[in-house]
Amino acid sequence: GEMWMLAGGELIGTTDDAVTERKLPLGEEVAIIGGTRSPSLESTLGLEPDLVLLSADTDAHVKAAETLQAAGIPCAFFRVDTLEDYVEAMEICTGITGRADLFEENALAIQRQAQEIVEKVRPDPGEKAPTALLIRAYSTGAKAKGMDNLAGVILHDLGVMNIVDNHPSLLEDLSMEEILVEDPDFIFVTIMGSSTQKALDALAQGIQQNPAWSSLSAVQNGRYVILPEDLFHYKPNKRWGESYGYLANILYPEISLD
């Protein structure tokens with residue numbers, strides 16, 4: 001929904017996360033059609049939209065598209081996991097709305113901002129790159145993440161060596177033994193789910209109870225960082241540049257981004 005608005009489109013209905021999570025400034029005329037994973041087909045059809053935007057990653061959206069298209073309502077699927085995905089999606093959306101100016105302002109300019117940050121901070125080949133462990137915490141546990149996570153993609157673009165590249169088994173099991181082998185310079189945590197505190201509590205009751213946790217360099221040096229949800233859990237959209245800058249400032253504090 002936010003992406004469509006940034007492309008100059010009019011929003012007549014959206015799932016409830018636009019309000020509960022994204023805090024979008026929606027008017028009373030915008031209908032809430034259910035949850036992200038359980039949108040109401042009846043409500044959607046009743047709105048008679050010109051176009052329905054759907055997530056290619058959500059099974060309920062894929063199934064809903066069959067009914068919507070049978071009713072003559074065009075659907076567009078998007079999967080936005082990276083800045084490049086966002087720019088491509090915005091190119092399509094602004095092509096529909098006819099707002100090339102907003103494609104420049106809300107997509108290309110953001111892409112240039114991120115690229116400039118990468119060029120300033122990314123180590124040259126042969127230089128020592130920072131190492132990091134990226135954890136996604138849930139209320140029921142935690143797993144390491146790599147290029148399947150937007151923060152993981154940004155870390156890679158910024159020249160960071162994610163230790164899951166050497167220890168892919170961490171994607172399924174956060175083994176302290178394997179983490180100790182690499183002793184990463186940084187540990188970053190993103191939160192999944194509606195309760196940040198429950199996710200952090202699960203982390204505290206899980207791997208952080210291992211006596212070796214406090215011996216990790218990242219923990220001892222104050223480089224254990226909880227990443228803000230608005231930049232690293234929800235899709236940043238026009239704030240992708242901020243997401244790159246946020247991590248770059250932590251990874252390379254000696255380099256000015258101004």
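Scoring rules and cut-offs
Residues numbered from 1 in each chain as written. Predicted model: local features only at pLDDT ≥ 70, side-chain atom pairs only at ≥ 80, totals over all residues. Heavy atoms only, no water. Phe/Tyr/Trp six-rings, centres within 6.5 Å; stacked < 30°, edge-to-face > 60°. Helix = DSSP H or I, 4+ residues; strand = E, 2+ residues; numbered from the N terminus. Buried < 20%, exposed > 50% of the residue type's maximum accessible area, 1.4 Å probe, protein only. Salt bridge = Lys/Arg side-chain N within 4 Å of Asp/Glu carboxyl O. Axes fitted to C-alpha atoms, helices over the stretch in contact; angles between N-to-C directions. Parallel < 35°, antiparallel > 145°, perpendicular 65-115°, else oblique. Left-handed = near helix turned anticlockwise from the far one by under 90°. Contact = heavy atoms within 4.5 Å. Nonpolar A, V, L, I, M, F, W, Y, C, P; charged D, E, K, R; others polar. Pairing = 2+ DSSP bridges. Patch = residues over 30% accessible without salt bridge, like charges linked within 9 Å, V, L, I, M, F, W, Y side chains within 5 Å. Areas by Shrake-Rupley, 256 points an atom, 1.4 Å probe, with all protein chains shown as cover. Lys, Arg positive; Asp, Glu negative; His and termini not counted. Charge placed at Lys NZ, Arg CZ, Asp CG, Glu CD. Arc of directions from axis to C-beta. Core = buried A, V, L, I, M, F, W, Y, C linked by side-chain atoms within 4.5 Å. Expected span 1.5 Å × (residues − 1).

Tallied over the entire structure, the rule returns three aromatic pairs. Their ring planes at 90 degrees and their centres at 5.5 Å tell us that tryptophan 213 and tyrosine 224 sit as a pair that is edge-to-face. Placement of the pair is tryptophan 213 in the loop between helix 9 (196-205) and helix 10 (217-220) and tyrosine 224 in strand 11 (residues 224-226), with a sequence separation of 11 residues. Residue classification places tryptophan 213 among the buried residues on the basis of a relative accessible area of 7%. Since its relative accessible area comes to 26%, tyrosine 224 is described here as partly exposed.

Now for the pattern of salt bridges. Taken as a whole and assessed by the stated rule, the structure comprises eight salt bridges. Residues arginine 239 and glutamate 242 are paired through a salt bridge, measuring 3.0 Å at the closest nitrogen-oxygen approach. Several salt bridges share partner residues, and in doing so they unite Asp230, Arg239 and Glu242 into one network.

Running from amino to carboxyl end, helix 7 (residues 150-157) crosses helix 12 (residues 240-251) at an angle of 60 degrees, the nearest separation of the two axes being 10 Å. If you check the angle between helix 7 and helix 12, you find them oblique. The two elements helix 7 and helix 12 cross, and the hand of that crossing is right-handed. When helix 7 is examined against helix 12, the residues Leu150, Ala151, Ile154, Leu155 and Asp157 are found in contact with a partner set consisting of Trp240, Ser243, Tyr244, Leu247 and Leu251. Here the contact of helix 7 with helix 12 is built from residues that sort into eight nonpolar, one polar and one charged.

Moving on, we get to the pairing of strand 7 (residues 131-138). For strand 7, the buried fraction is high: seven of the eight residues fall into the buried class. Bridging between strand 7 and strand 9 (residues 161-162) involves two bridges; their strand directions are parallel. The residue bridging alanine 132 from the neighbouring strand is asparagine 162, located in strand 9. Bridge count for strand 7 against strand 10 (residues 186-191) is six bridges, and the pairing is parallel. Looking across to strand 10, one finds that alanine 137 is bridged to isoleucine 191.

Residues Glu10, Glu28, Glu29 and Asp50 make up a contiguous surface patch of negative charge. Considering the arrangement of structural elements, one finds glutamate 29 in the loop between helix 2 (17-20) and strand 2 (31-32).

To continue, consider helix 9. Buried within helix 9 are the following residues: Ala199, Ala202 and Leu203. The buried residues of helix 9 occupy an angular sector of 100 degrees when projected down its axis, which confines them to one face. Counted as exposed and oriented over 90 degrees from the buried face of helix 9: Lys198 and Gln205. Against the buried residues of helix 9 lie strand 7, strand 8 (141-144), strand 10 and strand 11.

This part covers the nonpolar core. Among the nonpolar cores identified, the biggest contains 42 residues, and Tyr86, Leu158, Phe188, Tyr244, Leu247 and Leu251 are the most heavily contacted of them. No other element matches the seven residues that helix 6 (residues 100-121) contributes to this core. Discounting residues that sit within four places of it in the chain, tyrosine 244 has contacts with Leu83, Ala114, Ile117, Val118, Ile154, Asp157 and Leu158. Of all hydrophobic cores here, the second largest spans 20 residues; its members include Ile163, Leu170, Ile187 and Ala212.

Turning to helix 4 (residues 59-70), a few remarks are in order. Under the 1.5 Å per step criterion, the end-to-end length of helix 4 is 18 Å for 12 residues, consistent within 8% with the ideal 16 Å. Of all the residues in helix 4, the buried ones are His61, Ala64, Ala65 and Leu68. Seen from one end, helix 4 has its buried residues packed into an arc of 120 degrees, which puts them on one side. Within helix 4, the exposed residues directed more than 90 degrees away from the buried face are Asp59, Lys63, Glu66 and Ala70.

Turning next to unusual backbone geometry. A positive phi angle is found at glutamate 48, which is not glycine, with a value near 50 degrees. When you line up the elements, glutamate 48 lands in the loop between helix 3 (41-47) and strand 5 (52-55). Residue classification places glutamate 48 among the exposed residues on the basis of a relative accessible area of 65%. Here the phi dihedral of aspartate 183 falls at roughly 40 degrees; this positive angle occurs in a residue that is not glycine.

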